[in-house]
Amino acid sequence: MKKRWGAIICAVLVLAWLSGCATVETSKKVPYKLSPQGTVIWEDEFEFLPPPPDWKLLRVETGENDINFGFMRSDPGPFPSTTSFAYDEEPFGCSTKFEEREREFFKRFLFNAILQFQVLEKRKTQVLGGEGLEATVEGKDPVKGEKVRAKVVFGKRGDRVVGFYITQWRPMDGNYDLSAFEIFDRFVNSFKFLKKSFYETL
Amino acid sequence: MEGHQRNLYLYERFNARVLGVSRDDVTTLKYWAKSLDLTFPLLSNITAFLGASFDIQPEGQPIFGRRTVIIDKKGVIRYVRDGSPDFKDILLFLKKLTQEGGKP
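First, a word on scope: everything that follows refers to the structure included in this document. Note that the structure is a prediction, hence the values are computed from the model and not measured. (Residues numbered from 1 in each chain as written. Chains lettered and ligands numbered in written order. Predicted model: local features only at pLDDT ≥ 70, side-chain atom pairs only at ≥ 80, totals over all residues.)

## Details of the overall build of chain B
As a reminder of what qualifies: Secondary structure elements follow DSSP: runs of H or I no shorter than four residues count as helices, runs of E no shorter than two count as strands, and numbering proceeds from the N terminus. Here a residue counts as buried when 20 or more other C-beta atoms sit within 10 Å of its C-beta, as exposed when there are 12 or fewer, and as partly exposed otherwise, the C-beta atoms being derived from the backbone. By the criterion used throughout, residues are in contact when their C-beta atoms, derived from the backbone, lie within 7 Å.
For chain B, the helix and strand inventory stands at 5 helices and 4 strands. Along chain B, helices (α) and strands (β) appear in the sequence α-α-β-α-β-α-β-β-α when read from the amino end. The principal-axis extents of the C-alpha atoms in chain B amount to approximately 40 × 30 × 20 Å. Of all 104 residues assigned to chain B, the portion counted as buried reaches 25%. Long-range pairs, those at least 24 residues apart, make up 37% of the contacts in chain B between residues at least 6 apart in sequence.

In structure tokens form, the structure reads like this:
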């Protein structure tokens, strides 16, 4: 049977598309407060254990009013020795199934930065009070002489998939600092939603 | 477009459908839709008559501006916004449209 359409949304495209880019937070208005327990309350929406003070706050601009933020740290050693991690309300991809979303996500994650990419480990995990998916990957760029190790954790907020990810860049002959990944794990494991998302209230 | 794809289940709830319109050719749009795993229709309008009728083709330029338009079940344009789509605004408008007109 033919279904009637109540409304049609026409989205007109332009030829160029903008991807998200990260900038260090410069706004004077602080979007968080500290709880007596030492956790951060972010815009009265999230609660989490912050990283040590040598990590700088990052806001990620997506242009589509989604909530993204994270932290970054300059590591000892030559360029590009840095580590950053983030919470992403709308990670790349569309699917609400973790396996599908992971496939969609890695089509674009680090897309412009690496030439060789491999999944080191992928497993189910518990996150945000429910089931999730965790993937550890490594990318190498022999032309630039750089490599990156990343871990991505997908979880659910209502019907939608949200993501956490950490990326650690090193020169090709550099060593990864896995203690940063432990800090990331503590951040992820402590993360709580304090209220329903916009999409859950519709 | 990825944002629209993520929101398809919510558009379904509000009895709405999404169409993308572009001046790109069909082959280009097929590859583009595949790369983003888009499942809703993309219309190739290489002659640009849709852009002209929606008044979003800058004079003397070969591209469309970016505009989101919501048309109700009677064919009346109810919502027009330029620039990147504000998905939350779109969803709130669709919810309002559903509430004001009963089940569209």
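## What to know about the pairing of strand β10 (residues 130–141) of chain A
All names here are of chain A. Here is the rule: Two strands make a pair as long as DSSP finds a minimum of two bridges between them.
Direction of pairing for strand β9 (residues 116–127) relative to β10: antiparallel, over a ladder of 11 bridges. Counted as the bridge partner of Lys122 is Ala135 from β10. Hairpin connection of β9 to β10: 2 residues between the antiparallel strands, including Leu128 at a positive phi of 55 degrees.

## Quick notes on the sheet that holds strand β13 (residues 192–193) of chain A
Hydrogen bonds between backbone atoms are what pair the strands of a sheet, whose relative direction is either parallel or antiparallel. Residues and elements named next belong to chain A. With antiparallel pairing, 4 strands are arranged side by side in an open sheet as β3-β4-β5-β13. In this open sheet, the two strands that pair with only one neighbour each are β3 (32–34) and β13. The sheet contact formed by strand β5 (residues 46–48) and β13 spans 2 bridges and is antiparallel. Pairing of Phe46 across the sheet is with Phe193, part of β13.

## A look at the nonpolar core
Residue and element names in this part refer to chain A. Definition in use: We call a set of buried Ala, Val, Leu, Ile, Met, Phe, Trp, Tyr and Cys residues a nonpolar core when their C-beta atoms link them within 7 Å.
One finds Phe85, Val152, Tyr165 and Phe184 to be the most contacted residues of the largest nonpolar core, which totals 28 residues. Of all elements in the fold, only β8 (82–88), α1 (98–106), β10, β11 (146–157), β12 (160–171) and α2 (179–190) reach the threshold of two or more residues within this core. For this core, the element with the most residues is β12, which contributes 6 residues. Ignoring sequence-local partners within four residues, the contact set of Phe85 consists of Gly70, Phe71, Phe164, Tyr165, Ile166, Phe184 and Phe187.

## With respect to unusual backbone geometry
The amide bond that connects A:Phe79 to the next residue, A:Pro80, takes the cis arrangement and shows omega of 5 degrees. Looking at the element boundaries, A:Pro80 is found in the loop between β7 (68–74) and β8. In this structure, B:Asn15 takes a positive phi of about 55 degrees despite not being glycine. The class of B:Asn15 is partly exposed, set by 18 C-beta atoms lying within 10 Å.

## A closer look at the environment of A:Ser35
Looking at where A:Ser35 falls in the secondary structure, it is placed in the loop between β3 and β4 (40–42). It is 25 Å that separates the C-alpha atoms of A:Ser35 and A:Gly158, two residues lying 123 residues apart in sequence.

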